[in-house]
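Given next are the chains, with one letter for each unit.
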Amino acid sequence: MQYPDTALIVIDVQNDFCTGGALAVPAGEEVVPLINDMLPDYGVRVFTQDWHPADHASFASQHDGAAPFSTTEMPYGTQVLWPDHCIQGTQGAAFHPDLNTDPADLIIRKGFRPQIDSYSAFFENDRTTPTGLEGYLRTRNVQKVMLAGLATDFCVAYSALDAARLGFDVTVYLPACRAIDLEGSFQSAISELTRNSVKVVS
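The rules behind the values
Residues numbered from 1 in each chain as written. Predicted model: local features only at pLDDT ≥ 70, side-chain atom pairs only at ≥ 80, totals over all residues. Heavy atoms only, no water. UniProt positions renumbered as here; feature names shortened; annotations may be inferred. Core = buried A, V, L, I, M, F, W, Y, C linked by side-chain atoms within 4.5 Å. Buried < 20%, exposed > 50% of the residue type's maximum accessible area, 1.4 Å probe, protein only. Contact = heavy atoms within 4.5 Å. Phe/Tyr/Trp six-rings, centres within 6.5 Å; stacked < 30°, edge-to-face > 60°. Helix = DSSP H or I, 4+ residues; strand = E, 2+ residues; numbered from the N terminus. 1 Å grid on protein atoms, 1.4 Å probe; cavity = no way out; pocket = protein on both sides within 12 Å on 5 of 7 lines; lining within 4 Å. Points joined across faces, edges and corners; volume = space filled by probe spheres on them. Nonpolar A, V, L, I, M, F, W, Y, C, P; charged D, E, K, R; others polar. Polar contact = N/O pair within 3.5 Å; in protein donor to acceptor, adjacent residues only side chain to side chain.

In the annotation of an unreviewed UniProt entry, the protein chain is listed under the name Nicotinamidase and assigned to Donghicola mangrovi. Turning to the protein chain, the UniProt annotation filed under Pathway (unreviewed entry) states: "Cofactor biosynthesis; nicotinate biosynthesis; nicotinate from nicotinamide: step 1/1." Quoted verbatim from the Sequence similarities (unreviewed entry) field of the UniProt record, the comment on the protein chain reads "Belongs to the isochorismatase family."

Following this line, the structure appears as structure tokens:
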């Protein structure tokens, strides 16, 4: 173990975000062997899992006439409307079958509240409702976090920014991430990460 005081946070490596899934991130499954190789090196291993009810408000199907990847305004701000994905208990919501989840110390399920989406491992999209991950990491004496997974420009970036805001030393390991890249969202996310003292390793 090389990094005993660091938590590896593995973001949403689920079937629906991999090739053939309902919201496939290009080449999303390519992160799996890299993450598997990383797991033994970290003192704490946390996995997140998108876990939506079938009627989740972030689904385009719940808004009359709305197309996937359009946007709407929610009480907490602008929300991308996604294809139905990672519905609780479905195969699409399951972790990729080749991902080694056995070392996980904690699995955080997010996005289960019907009226609010949740990109970050730390907070719902209102940026105030906590998932409990911060408290868990504090009790484990974690000072640093390393992030990998899907997708770079949404759930990984939101998690990294929140971790930095909470005072953790944060690194995003790009080789073990893949992006959706909606209208330049990848480069925008990278710029915001670097502006907020997140180390981005490519």
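This is not the end of the story, as more comes after the structure.
Draft legend 1. Inspection of the nonpolar core at higher detail. I9, F122, L137 and V145 are the most contacted members of the largest nonpolar core, which totals 60 residues. In contact with L137, other than residues within four places in its own chain, are A7, I9, V44, V46, F122, V142, V145 and F168.

Draft legend 2. Summary view of the packing of aromatic side chains. With the rule as written, the count across this model stands at eight aromatic pairs. Relative to F95, the ring of F47 has its centre 5.9 Å away and its plane inclined at 80°; by these criteria the two rings are edge-to-face. Of the two residues, F47 sits in strand β2 (residues 42-50) while F95 sits in the loop between β4 (77-80) and β5 (106-110), which places them 48 residues apart along the sequence. With relative accessibility at 0%, the residue F47 sits in the buried group. In this structure F95 comes out as buried when scored by relative accessible area, which is 15%. Seen from their ring centres, Y119 and F154 are 5.7 Å apart, and the 75° between their planes marks the pair as edge-to-face.

Draft legend 3. Examining the layout of surface pockets more closely. Counted as a void, the largest pocket has a volume near 320 Å³. For the largest pocket, the lining is made up of 18 residues, of which Y119, D153, F154, Y158 and E192 are closest to its centre. Every element with two or more residues in the lining of the largest pocket is listed here: β4, α3 (152-165) and α4 (185-195). At five residues, the largest contribution of residues to the lining of the largest pocket is made by α3. Within the lining of the largest pocket, the residues separate by chemical class into eight nonpolar, seven polar and three charged.

Draft legend 4. Representation of the UniProt feature "domain: Isochorismatase-like" (unreviewed entry) in the protein chain in the model. The sites that carry the UniProt feature "domain: Isochorismatase-like" (unreviewed entry) are, in the present numbering, residues 6-194. In residues 6-194, helix accounts for 21% and strand for 24%; the two terminal C-alpha atoms are 20 Å from one another.

Draft legend 5. View of unusual backbone geometry. The omega torsion across L150 and A151 is -15°, close enough to zero to call that bond cis. When you line up the elements, A151 lands in the loop between β6 (144-150) and α3. Here D12, not a glycine, exhibits a phi torsion of approximately 50°, which is positive. Within the fold, D12 resides in the loop between β1 (3-11) and α1 (31-38). The buried category is assigned to D12, whose relative accessible area is 0%. In this model, R127 sits at a positive phi of 70°, which is unusual for a non-glycine residue.

Draft legend 6. Expanded view of the side chain of H85. Note on placement: H85 falls in the loop between β4 and β5. Only 3.2 Å separates the side chain of H85 from the side chain of D50, close enough to count as a polar contact. Within the structure, H85 has its side chain in polar contact with the side chain of H52 (distance 3.4 Å). Beyond its immediate stretch of four places on either side in the chain, H85 contacts D16, F17, A22, L23, D50, H52 and F59.

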